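Single-letter residue listing:
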Amino acid sequence: MHTMLQRARELEDKYIAYRRQFHRHPEAGWQEVETAATVMAHLDSLGIPYQRVGATAVVGLITGGIPNDKCIAIRADMDALPITERTDLEYSSQIPGMMHACGHDGHTAILMGVAALLKEKQAQIKGKIKLFFQPAEEGPGGAKPMIEGGCMENPRVDATIGLHLDVTDYHTGEVGFRDGASTASTDGFVITVRGNGGHGAHPHLSVDAIVCAGQLVSALQSIVSREVSPIESAVITVGTINGGYRGNVIADQVVLDGTIRTLSPQVREGIPQRMERVLQGICAAYRCQGELQIRQGVPSVINDSNLTNAFEQSAIALLGSSQVKRVPYPTMGGEDFSYYGQKAPACFIRLGGRNEDIGCTNPGHHPKYNFDEQAIAVGMATLAQMALDYLEV
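Within any chain, residue numbers begin from 1 and follow the written order of that chain's sequence. Local features in this predicted model are restricted to residues whose pLDDT is 70 or higher, and side-chain atom pairs enter the listing and the counts only when it is 80 or higher, whereas totals over whole chains, interfaces and linings include all residues. By convention in this description, side-chain values take in all heavy atoms of the structure and omit both hydrogens and water.

*Asks:* Tell me about the packing of helix 2 (residues 33-46) against helix 3 (residues 104-120), residues and numbers included.
*Replies:* The contact between helix 2 and helix 3 brings their axes to 10 Å, and the two run at 10 degrees. Looking at the two axes, helix 2 sits roughly parallel to helix 3. Contacts between helix 2 and helix 3 pair Thr35, Thr38, Val39, His42, Leu43 and Leu46 from the former with Thr108, Met112, Ala115, Ala116 and Lys119 from the latter. Residues that form the contact of helix 2 with helix 3 fall into these classes: 6 nonpolar, 4 polar and 1 charged. Convention adopted: a line fitted to C-alpha atoms gives each axis, helices being fitted over their contacting stretch, and angles between N-to-C directions are expressed from 0 to 180 degrees. Going along the chain from the N terminus, every DSSP run of H or I of four or more residues is numbered as a helix, and every run of E of two or more is numbered as a strand. Each angle receives one of four descriptions, namely roughly parallel if under 35 degrees, roughly antiparallel if over 145, roughly perpendicular if within 65 to 115, and oblique otherwise. Should any heavy atoms of two residues lie within 4.5 Å, those residues are considered in contact. Only Asp, Glu, Lys and Arg are considered charged in this grouping, and only Ala, Val, Leu, Ile, Met, Phe, Trp, Tyr, Cys and Pro are considered nonpolar; every other residue, Gly among them, is considered polar.

Right under this line is the structure:
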């Protein structure tokens with residue numbers, strides 16, 4: 001066994017315990033007060049200095065014993081989701097309606113373990129390593145405020161790495177790499193369709209916003225199927241439709257709320273104009289008025305090819321080639337890790353946590369989500385080794 005992985009295995013019980021502590025006490029975005037306090041106490045115990053950014057973000061700094069201008073950052077997210085847990089785990093959430101249903105408790109514990117592993121190697125480190133404990137990944141987004149607060153400067157960060165637990169496609173012990181687009185952009189939209197209400201028995205005297213909205217839902221899909229290249233990826237989902245009063249009343253207004261997912265910045269840029277054209281065309285045909293509002297979301301995570309290839313080799317040396325996978329396709333889910341990649345080359349990897357034997361198979365955001373805690377040591381060793389190898393070059 002590689003010495004880094006062996007040491008991580010020796011320490012894993014401590015960080016599994018931290019993960020369970022976080023799981024029992026999940027906190028929403030920008031409310032990670034107890035989580036941040038635990039992180040800071042741990043960094044204090046290791047003698048690693050840190051700074052606060054905003055309400056709950058923590059940025060640790062390990063200065064290596066060998067002078068070097070290079071600096072790499074490792075990021076973990078800390079926030080939970082407004083989901084009622086249904087796992088029956090002995091360490092299940094004690095906060096009603098709040099749950100770590102996406103593995104962020106594991107991510108935080110892993111980075112705390114990485115801090116311990118790297119502190120032991122501090123004299124041999126060539127350069128500096130920052131530890132980003134980030135709030136609010138699930139919303140409203142913590143990466144951008146951290147960057148605006150200076151986390152990528154003083155010292156300037158040359159590369160950023162992060163991971164996400166994956167219980168869908170990758171088993172415990174496996175890690176997945178992908179260069180290029182790894183996640184989708186996550187814009188939202190609200191469409192308001194206005195007609196002229198009236199009695200349901202006399203539709204000819206009214207302008208029915210519901211009929212118009214129904215046609216619009218179908219027409220919007222033609223943007224993806226007929227205006228985006230088949231080799232590109234895009235999603236336009238109408239998630240909610242709200243309108244009407246009762247069965248015998250013609251609705252005067254309907255509101256549609258949805259999401260837009262794209263991988264290509266060019267496709268992302270063109271979708272709103274196409275939606276506006278379809279909206280106005282359908283509304284004109286049905287004598288309604290329409291208004292489109294776009295909610296800007298996070299951009300796609302774009303993994304730097306050179307960085308990804310180098311980190312893949314680090315993982316192969318650490319874990320063996322059979323445990324290192326190439327991710328064949330991106331996810332249409334979003335990740336605000338993307339903002340770090342706009343400032344410096346970045347790589348976001350998948351950490352396997354699937355284990356059918358102990359029921360770790362439910363996807364993220366599921367009320368029965370759980371991951372195999374044996375993945376924690378693998379994540380610790382992988383991130384620590386990648387950071388060390390990056391600074392060696």
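Next comes the rest of the write-up.
*Asks:* How would you summarise the sheet that holds strand 10 (residues 234-243) if you had to cite specific residues and measurements?
*Replies:* Judged by pairing direction, the sheet is antiparallel, and its 4 strands sit side by side in the order 10-12-8-13 without closing on themselves. Edge positions in the open sheet fall to strand 10 and strand 13 (289-295), since each of these has one partner strand only. Taken pair by pair, the neighbouring strands of this sheet meet at an average axis angle of 20 degrees, ignoring direction. Relative to strand 12 (residues 253-262), strand 8 (residues 185-194) runs antiparallel, the two sharing 10 bridges. Within the sheet, the bridge partner assigned to Ser185 lies in strand 12 and is Thr262. Pairing between two strands is assigned when DSSP locates at least 2 bridges connecting them.

*Asks:* For the side chain of Arg350, give the residues involved together with the corresponding values.
*Replies:* Secondary-structure assignment places Arg350 in strand 16 (residues 346-354). Only protein chains enter the area calculation, which uses a 1.4 Å probe; residues under 20% of their type maximum are buried, those over 50% are exposed, and those in between are partly exposed. A residue is classified by how much of its surface remains accessible, and Arg350, at 13% relative accessible area, is buried. Within the structure, the side chain of Arg350 is placed 3.4 Å from the backbone oxygen of Tyr329, a separation counted as a polar contact. Setting aside its immediate chain neighbours within four residues, Arg350 contacts His164, Asp166, Asp169, Tyr170, Glu174, Val175, Gly176, Ser182, Val327, Tyr329, Pro330 and Thr331. Contacts described as polar in this section are N or O atom pairs within 3.5 Å, which, within protein, must combine one atom able to donate a hydrogen with one able to accept it, while residues neighboring in sequence count only if both atoms come from side chains.

*Asks:* Now, about the pairing of strand 12: what can you tell me, with residues and values included?
*Replies:* Only one face of strand 12 is covered, namely the one carrying Val254, Leu256, Gly258, Ile260 and Thr262; the face carrying Gln253, Val255, Asp257, Thr259 and Arg261 has none of its residues buried. Bridge analysis of strand 10 against strand 12 gives 9 bridges, and the strand direction is antiparallel. Within the sheet, the bridge partner assigned to Gly243 lies in strand 12 and is Val254.

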